Amino acid sequence: MRALLHGFGIARRRRDQKGVYTVLLALMLPALIGSMGLAVDVSHFWLVRGQLQNTADAAVLAGAKDINGTSNGRVSATASAGTFAAQNKVDGVLVDDDEVVKNVTGKWDFETRTFTKTQVGDMSANAIRVVVQRADVESYFSRILNPEPSTRTLTAFATAVAGGARSVPCAAPFTIASCILKYDSGNSLICPTNLTFQ
């Protein structure tokens, strides 16, 4: 009989606790929804920031190929960078010209790892820097907490150095032929096929 009463007491306590989980869920639900909203908003900002970085990277790589130590090369570099930036989409919208807030050529110092744009002559200009900025990037879930639209301004920049081996001190380019090179008795080069270099 005592075991029966004891079992009845446990069953009654379990029935009394059924409502506890409902109350806990009701208390925790706003925190769970808020955390989910924060995760969505932060992920969206990171996505837009990554797309801005891709745009800046593409622009400087396009511009760096045109830097050749002349004034025309520098003008061509900034024009190419602007053109390539405008061909990229950020958050589903093409980049406007006014969103490329900086598009300049200058000098990259390899020792100090700094970019300088002032007092740089055409011959010493070896790099290009592009800064892309998107204003009013919306957050989606923060409106739950604040009815006013919440936006952020996101920025990305990139710098590319023009040239190859000529920009690195003490470097010399070399190639390897795809055929066996032979010399005849007159010390002239003989190759049985056309040379191709890789």
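Some words on the overall build of the chain
- Within the chain one finds two helices and eight strands.
- Moving toward the C terminus, one meets the helices and strands of the chain in the order α-α-β-β-β-β-β-β-β-β.
- By the burial criterion, 26% of the 198 residues in the chain qualify as buried.
- Here the analysis covers contacts within the chain between residues at least 6 apart in sequence; of these, 57% occur between residues at least 24 apart.
- Accessible surface, the chain: about 14,000 Å² in total, of which carbon and sulfur atoms supply 59%.

Side note on the pairing of strand β3 (residues 100–109)
- Taken together, the six bridges between β3 and strand β5 (residues 127–138) define a ladder with antiparallel strand orientation. What sits directly across from G106, in β5, is A127.
- Pairing geometry for β3 and strand β4 (residues 114–116), over three bridges, is antiparallel. From the neighbouring strand, K107 faces β4, where its bridge partner is T116.
- Count of turn residues in the β3/β4 antiparallel hairpin: four residues, of which R113 carries a positive phi of about 55°.

Section: the pattern of salt bridges
- Applying the stated criterion across every chain, the model contains three salt bridges.
- For D122, the salt bridge is made with R74, and the minimal N-O distance between the two is 3.2 Å. Of the two residues, D122 sits in the loop between β4 and β5 while R74 sits in helix α2 (residues 71–86), which places them 48 residues apart along the sequence.
- Looking at D122, the relative accessible area reads 29%, which means it is partly exposed.

A closer look at the nonpolar core
- Ranked by size, the top nonpolar core spans 23 residues in total, and within it V48, L52, V60, I128, V130, V132 and L154 carry the most contacts.
- Among the secondary structure elements, those contributing two or more residues to this core are α1 (2–64), α2, β5 and β6 (151–161).
- The dominant element in this core, judged by the number of residues it contributes, is α1, at seven residues.
- For L52, the contacting residues outside a window of four places in its chain are V90, V132, Q133, R134, L154, T155 and A156.

Some points on the packing of aromatic side chains
- Counted according to the given criterion, the structure contains zero aromatic pairs.
- The ring of F45 is capped by R152, whose NZ or CZ atom sits 5.2 Å from the centre of that ring.

Some remarks on unusual backbone geometry
- Positioned with a positive phi, R113 is a non-glycine residue whose angle comes to about 55°.
- Although it is not a glycine, D136 sits at a positive phi angle of roughly 60°.
- Within the element layout of this structure, D136 appears in strand β5.
- Exposure remark for D136: the relative accessible area of 56% places this residue in the exposed category.

Some remarks on the sheet that holds β4
- Read from one edge of the open sheet, four strands run β4-β3-β5-β6, paired in antiparallel fashion. Of all strands in the sheet, those bounded by a partner on one side alone are β4 and β6. Strand-to-strand, the axes of this sheet are offset by a mean angle of 35°, without reference to chain direction.
- On top of the sheet, α2 reaches β3 and β5; it is set at about 135° to β3, its chief contact.

A few points about the confidence of the model for the chain
- A residue-level look at the chain finds 75% of positions with pLDDT of 70 or above and a mean pLDDT of 81.
- With pLDDT under 50 throughout, residues 165–172 is counted as low confidence; its partners more than four residues away or in other chains account for five contacts.

Considerations on the side chain of R74
- By relative accessible area, R74 is classed as buried at 14%.
- There is a polar contact of 3.0 Å between the side chain of R74 and the backbone oxygen of V120.
- Discounting chain neighbours no more than four positions away, the residues touching R74 are T105, G106, V120, G121, D122 and A125.

About the cut-offs
- Residues numbered from 1 in each chain as written.
- Predicted model: local features only at pLDDT ≥ 70, side-chain atom pairs only at ≥ 80, totals over all residues.
- Heavy atoms only, no water.
- Helix = DSSP H or I, 4+ residues; strand = E, 2+ residues; numbered from the N terminus.
- Buried < 20%, exposed > 50% of the residue type's maximum accessible area, 1.4 Å probe, protein only.
- Contact = heavy atoms within 4.5 Å.
- Areas by Shrake-Rupley, 256 points an atom, 1.4 Å probe, with all protein chains shown as cover.
- Pairing = 2+ DSSP bridges.
- Salt bridge = Lys/Arg side-chain N within 4 Å of Asp/Glu carboxyl O.
- Core = buried A, V, L, I, M, F, W, Y, C linked by side-chain atoms within 4.5 Å.
- Phe/Tyr/Trp six-rings, centres within 6.5 Å; stacked < 30°, edge-to-face > 60°.
- Lys NZ or Arg CZ within 6 Å of the ring centre and 35° of its normal.
- Axes fitted to C-alpha atoms, helices over the stretch in contact; angles between N-to-C directions.
- pLDDT = per-residue confidence, 0-100.
- Polar contact = N/O pair within 3.5 Å; in protein donor to acceptor, adjacent residues only side chain to side chain.

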